[in-house]
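The primary structure of each chain is shown beneath.
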Amino acid sequence: MKENLNPFAIAQAQLDEAAAVLQLDPDMHAFLREPTREFHFSIPVRMDDSRTRTFRGFRVQYNDARGPAKGGIRFHPDETIDTVRALAAWMTWKTAVADVPLGGGKGGVICNPREMSQGELERLSRGYMRAIARYVGLTKDVPAPDVNTNPQIMSWMLDEYETLMGHREPGVITGKPLPLGGSAGRTPATAMGGLFTIRETARLLDLGLEGATCAIQGYGNVGSHAHEIAHNMFGMKVVAVSDEFGGVYHANGLEPEVVSGHLWQAGKVSNCPDTESITNQELLELDVDILIPAAIENQLTSQNADRVKARIVAELANGPTTPEADNILNDKGVYIIPDFLCNAGGVIVSYFEMVQNAYQYYWDAKLINERLDQKMTTAFHAVHNMSRSKKVDTRVAAYLVAVNRVAEAVRLRGWV
Ligand code: NAD
């Protein structure tokens, strides 16, 4: 049978597995399998050549039992409603496992930002916010950046929202630049949180991180910061990194400043000076201690999982591993730090951003990182202990922790 790579089918299959272990009430299970609410809309955008192009946009509010929906907005040519649904489901489990008082949501637009000018991107971002403004807000649903969206795009969206509503409400969106109410430490937060979980895993496996080898797929916000933090804070040897155009390798390790400098000039990591070229497939199969998928979904599949040599797979990307690959990796004894635990750092600092916006008083990066460390470490051990006590793999364990918490809120509200 062909492997099902539909991300929402995968998200539902993962929930089904957890529901079976939890012996979840069938009515609750049925409720948690589907998004509570979703919006599909067209965004007409005046392009630079004065023609109007219509883009399709989505916002999914998967579950808001524990608090307002929370989740990023992606701009991607291959965006689909099922990808957005899956990511919104994972946000629900992520905010629950991180134990922040938020639900799960996600948004997306089918577009190719690489082919758009800054002006076109601004008009698209404002159009997206106009389409969802009535349905988002501090107490309803709070968007953030994700693939191909950034603090500038958040600024345009914030401005559009506040212009429409006639008041300042910085907490409507997170991942903002600092002058507009952003939080210190937000940009590297996802990578930082992931590295804290890698540190905890390494302790459990008795693996010293100083000099430990690492490969990182994806060199955007998450991948590039993971490189910097792994190298500068933990002394790890990052031997390979990649982006959608291919990767680079050096057995003695890659300097983050050199790769970032090259990427800045060349627009891709390939051909970075003093490195060998490597494909994305080769990178995933390298003989390293730690593999960090930090790009897109479905990178570790039944086709390549048996060739993965890493001891730890730290899923900073969302959905990088298919269920078949999961089984193969678990059978090989690989320690998987599942996505919605590993990459929860972004949403945790987004939550800190909302808190700071609400009381109009701002914390410094040191305090943010201490509080992030505390939340990530607590979440990591809740999942690890669940995995030990129930004798299930770490992904199922993360689901058990998260689904229990969401189901409890749903039950207390009397929805099911
Ligand atoms: P980004 O757009 O900044 O970077 C994405 C990177 O992945 C780029 O280097 C791109 O070239 C690369 N890429 C795209 N397609 C690829 C392919 N087929 N093969 C190899 N590389 C490819 O995005 P980001 O914010 O760094 O997000 C990366 C992942 O982390 C996504 O799965 C996202 O959902 C997840 N994530 C991001 C955040 C956040 O705070 N930004 C939070 C949680 C999870």
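All values derive from a computational prediction rather than experimental measurement.

Colleague: Mind laying out the site of the ligand, listing which residues take part and the relevant values?
Modeller: With respect to spatial proximity, 23 residues lie near the ligand, and among them Thr190, Tyr219, Val222, Glu244 and Asn318 are the closest. At 2.7 Å from an oxygen atom of the ligand is found a side-chain nitrogen or oxygen belonging to glutamate 244. Measuring from an oxygen atom of the ligand, one finds a side-chain N or O atom of asparagine 318 at 2.8 Å. Across the complex, the protein chains shield 87% of the 830 Å² of accessible surface that the ligand would expose by itself. A per-class count over the shell around the ligand returns 8 nonpolar, 9 polar and 6 charged.

Colleague: Describe the side chain of threonine 174, with residues and values.
Modeller: Along the chain, threonine 174 falls in the loop between α5 (151-165) and α6 (189-205). Of note is the side chain of threonine 174, whose polar atom sits 2.8 Å from the side chain of lysine 70. Reaching out from threonine 174, the side chain makes a polar contact with the side chain of serine 350 at a distance of 2.8 Å. Once residues within four sequence positions are removed from consideration, threonine 174 is found in contact with Lys70, Val142, Pro143, Ala144, Pro145, Met154, Ser350, Glu353 and Met354.

Colleague: Could you give an account of the nonpolar core, naming the residues involved and the relevant values?
Modeller: For soluble globular proteins, nonpolar side chains are generally found buried alongside one another. Leu32, Trp90, Trp93, Ile290, Ile292 and Leu372 are the most contacted members of the largest nonpolar core, which totals 91 residues. Per-element accounting of this core gives the leading share, 12 residues, to helix α14 (residues 394-413). For leucine 32, the residues in contact, after removing those within four places along its chain, are Leu15, Leu24, Tyr62, Asn63, Trp93, Val403, Val406, Ala407 and Val410. Formed by 26 residues, the second largest nonpolar core is a distinct cluster that contains Ile153, Trp156, Met157 and Ile173.

Colleague: Summarise the packing of helix α12 (residues 345-359) against helix α13 (residues 365-390); cite the residues concerned and give the values.
Modeller: Look at α12 against α13: their axes get within 10 Å of each other, and the N-to-C directions meet at 130°. If you check the angle between α12 and α13, you find them oblique. The handedness of the crossing between α12 and α13 is right-handed. Where α12 abuts α13, its residues Gly345, Ile348, Val349, Phe352 and Gln356 lie against Ile368, Arg371, Leu372, Lys375 and Met376. Tallied by class, the residues present in the contact of α12 with α13 amount to 6 nonpolar, 2 polar and 2 charged.

Colleague: Lay out the sheet that holds strand β10 (residues 290-293) in plain terms, naming residues and giving numbers.
Modeller: One open sheet accounts for 7 strands, arranged β9-β8-β7-β6-β10-β11-β12; its pairing is mixed. Looking along the sheet, the strands with just one partner apiece sit at the ends: β9 (276-278) and β12 (335-337). The mean inter-strand angle of the sheet, taken between neighbouring strand axes irrespective of direction, is 20°.

Colleague: Please give an account of the pattern of salt bridges that cites residues and values.
Modeller: Applying the stated criterion to the full structure yields 26 salt bridges. Glutamate 38 is the salt-bridge partner of arginine 85, the closest N and O atoms lying 2.6 Å from each other. One end of the pair, arginine 85, is in helix α3 (residues 81-97); the other, glutamate 38, is in strand β1 (residues 37-46), and 47 residues separate them in sequence. Among the salt bridges present, the one from arginine 74 reaches glutamate 297, with a minimum N-O distance of 2.9 Å. Residue arginine 74 is found in strand β3 (residues 69-76), and its partner glutamate 297 is found in the loop between β10 and β11 (312-314); the two are separated by 223 residues along the sequence.

Colleague: Tell me about the packing of aromatic side chains, and name the residues and values.
Modeller: All told, the structure shown has 11 aromatic pairs when counted by the stated rule. Ring plane angle 75° and centroid distance 6.5 Å describe the contact between phenylalanine 8 and tyrosine 62, whose orientation is recorded as edge-to-face. Taken together, the residues span a long stretch of sequence, with phenylalanine 8 in helix α1 (residues 7-22) and tyrosine 62 in strand β2 (residues 52-63) at a distance of 54 residues. Pair check on accessibility: phenylalanine 8 and tyrosine 62 agree, each one buried. Ring geometry for phenylalanine 31 and tryptophan 415: centres 6.0 Å apart, planes at 70°, overall edge-to-face.

Colleague: Give a description of the side chain of lysine 94 that names residues and reports values.
Modeller: Here lysine 94 is to be found in helix α3. Lacking a salt bridge, the buried lysine 94 has aspartate 146 as its closest oppositely charged neighbour, with an N-O distance of 6.4 Å. Sequence-distant contacts of lysine 94, defined by excluding residues within four places in its chain, comprise Asn318, Phe340, Asn343, Ala344 and Val347.

Definitions and limits used
For every chain, the first residue of its written sequence is number 1, and the numbers climb from 1 along that sequence. In keeping with the predicted nature of the model, local features appear solely for residues at pLDDT of at least 70, side-chain atom pairs appear and are counted solely at 80 or more, and the whole-chain, interface and lining totals rest on all residues. The side-chain values count all of the structure's non-hydrogen atoms but skip hydrogen atoms and water molecules. Here, proximity means that at least one heavy atom of the residue falls within 4 Å of the molecule or strand. Here a polar contact is taken to be a pair of N or O atoms separated by no more than 3.5 Å, where protein atoms must pair a possible hydrogen donor with a possible acceptor and residues adjacent in sequence count only if both atoms sit in side chains. Each accessible area is a Shrake-Rupley estimate made with a 1.4 Å probe; only the visible protein chains count as cover when residues are assessed. Any residue that is not Ala, Val, Leu, Ile, Met, Phe, Trp, Tyr, Cys, Pro, Asp, Glu, Lys or Arg is counted as polar, Gly included; the first ten are nonpolar and the last four charged. Secondary structure elements are taken from DSSP: a helix is a run of H or I of four residues or more, a strand is a run of E of two residues or more, and numbering for both begins at the N terminus. Only heavy atoms matter for contacts: two residues are in contact if any of them lie within 4.5 Å across the pair. As used here, the term nonpolar core means buried Ala, Val, Leu, Ile, Met, Phe, Trp, Tyr and Cys residues forming a set that is joined through side-chain atoms within 4.5 Å. Note on classification: 1.4 Å probe, protein chains only; a residue is buried when its accessible area is under 20% of the maximum for its type, exposed when over 50%, partly exposed between these limits. Only C-alpha atoms enter the line fits that serve as axes; for helices the fit covers just the stretch in contact. Angles between N-to-C directions range over 0 to 180 degrees. Roughly parallel here means an angle under 35 degrees, roughly antiparallel means over 145, roughly perpendicular means 65 to 115, and every remaining angle is called oblique. Crossings are assigned a handedness: left-handed for a near helix turned anticlockwise from the far helix by less than a right angle, right-handed for a clockwise turn. By the convention used here, strands pair only if DSSP detects at least 2 bridges between them. Salt bridges are defined as contacts in which a side-chain nitrogen from Lys or Arg sits within 4 Å of a carboxyl oxygen from Asp or Glu. Each pair of aromatic rings taken from Phe, Tyr and Trp, with Trp reduced to its six-membered ring, is defined by centres within 6.5 Å and is described as stacked if the planes are under 30 degrees apart, edge-to-face if over 60, and tilted in the remaining cases. Note on charges: Lys and Arg go in the positive column, Asp and Glu in the negative column, and His and the chain ends are not counted at all.

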